[in-house]
Amino acid sequence: MKEFFYLEGAYLILGGIILLITLYVTTRPFMSEGAVKKGITGVFIVLALMIAGHYWITIKRMKEVKTAFEQDRPIVCESRMQRKMAQSVIVQRSKGWKLKDNNFVSSYYTRPFFIARCIVK
């Protein structure tokens, strides 16, 4: 459950803000009687499906990246350190990379790369 909140925390906050906006709009005098119930229910279902879908896709990609790393296949990770030059880093076990707690670490880089932000090449 901790991993879910780590991966989807920002989307949960945005979803809460969207629900508050929906509540505000549906309580205006020009809205019909059942607008609050219908609006909140509909928006909640859509948001829940979208967040669950994003989580499922992310977990699936993370498993693919772990499997590829174990097989020593190249993995591309985004680099946020230098946006002008190298925007991605190739991670491979044979090049000295290690997997620690869902992060790729290397003695050549100061910061780790989270596997959810990587794809198999």
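Here is what the cut-offs are and how they apply
Residues numbered from 1 in each chain as written. Predicted model: local features only at pLDDT ≥ 70, side-chain atom pairs only at ≥ 80, totals over all residues. Heavy atoms only, no water. Core = buried A, V, L, I, M, F, W, Y, C linked by side-chain atoms within 4.5 Å. Buried < 20%, exposed > 50% of the residue type's maximum accessible area, 1.4 Å probe, protein only. Helix = DSSP H or I, 4+ residues; strand = E, 2+ residues; numbered from the N terminus. Contact = heavy atoms within 4.5 Å. Polar contact = N/O pair within 3.5 Å; in protein donor to acceptor, adjacent residues only side chain to side chain. Phe/Tyr/Trp six-rings, centres within 6.5 Å; stacked < 30°, edge-to-face > 60°. pLDDT = per-residue confidence, 0-100. Patch = residues over 30% accessible without salt bridge, like charges linked within 9 Å, V, L, I, M, F, W, Y side chains within 5 Å. Areas by Shrake-Rupley, 256 points an atom, 1.4 Å probe, with all protein chains shown as cover. Salt bridge = Lys/Arg side-chain N within 4 Å of Asp/Glu carboxyl O.

K.L.:
A description of the nonpolar core should follow, citing residues and the corresponding values.
P.N.:
Counting 17 residues, the largest nonpolar core has Met62, Ile75, Cys77, Val91, Trp97 and Phe104 as the members making the most contacts within it. The leading source of residues in this core is helix H2 (residues 35-70), at five residues. Residue contacts for Val91: discarding those within four places in its chain leaves Phe69, Arg73, Pro74, Ile75, Cys77, Trp97 and Phe104.

K.L.:
Give me the lowdown on the environment of Thr110, citing residues and values where you can.
P.N.:
Structurally, Thr110 can be placed in the loop between strand E4 (103-105) and strand E5 (113-114). When its relative accessible area of 74% is taken as the criterion, Thr110 is described as exposed. Measuring from C-alpha to C-alpha, the distance between Thr110 and Ala68 comes to 23 Å, with 42 residues separating the pair along the chain.

K.L.:
Before we move on, can you summarise the side chain of Thr26 with the specific residues and values?
P.N.:
Mapping Thr26 onto the fold places it in helix H1 (residues 2-26). Assessed through its relative accessible area of 8%, Thr26 is described here as buried. Within polar-contact distance, the side chain of Thr26 engages the backbone oxygen of Thr22 at 2.8 Å. Excluding anything up to four places from it in sequence, Thr26 contacts Met31, Ala35, Val36 and Gly39.

K.L.:
Summarise the packing of aromatic side chains; cite the residues concerned and give the values.
P.N.:
Summed over all chains, the structure comprises seven aromatic pairs. Between Phe4 and Phe5 the ring centres are 5.6 Å apart and the planes differ by 70°, which places this aromatic pair in the edge-to-face class. According to the relative accessible area criterion, Phe5 is partly exposed, its value standing at 47%. Between Tyr6 and Phe114 the ring centres are 5.3 Å apart and the planes differ by 85°, which places this aromatic pair in the edge-to-face class. Here Phe114 lies in strand E5 and Tyr6 lies in helix H1, a separation of 108 residues in the sequence. One aromatic cluster is present, formed by Phe4, Phe5 and Tyr55 through successive ring pairs.

K.L.:
Residues and numbers for the confidence of the model for the chain, please.
P.N.:
This prediction gives the chain a mean pLDDT of 88; 94% of its residues lie at or above 70. Mean pLDDT across the secondary structure elements of the chain bottoms out at strand E2 (residues 88-91), with 85, and peaks at H2, with 93.

K.L.:
Outline a nonpolar patch on the surface, listing residues and values.
P.N.:
Taken together, Tyr11, Ile13, Leu14, Ile17, Ile21, Tyr24, Val25, Phe30 and Met31 make up a surface patch of nonpolar side chains, about 920 Å² in accessible area. Summarising the element assignment, Phe30 is placed in the loop between H1 and H2. For Phe30, a relative accessible area of 66% translates into the label exposed.

K.L.:
Any details on unusual backbone geometry? Residues and values, ideally.
P.N.:
With a phi close to 60°, Asp72 is a non-glycine residue in the positive phi region. Mapped onto the fold, Asp72 is located in the loop between H2 and strand E1 (75-78). Overall, the relative accessible area of 28% leaves Asp72 in the partly exposed class. Notably, Asp101 is not glycine yet its phi reads approximately 50°, a positive angle. Inspection of the secondary structure assignment puts Asp101 in the loop between strand E3 (98-100) and E4. Exposure remark for Asp101: the relative accessible area of 72% places this residue in the exposed category.

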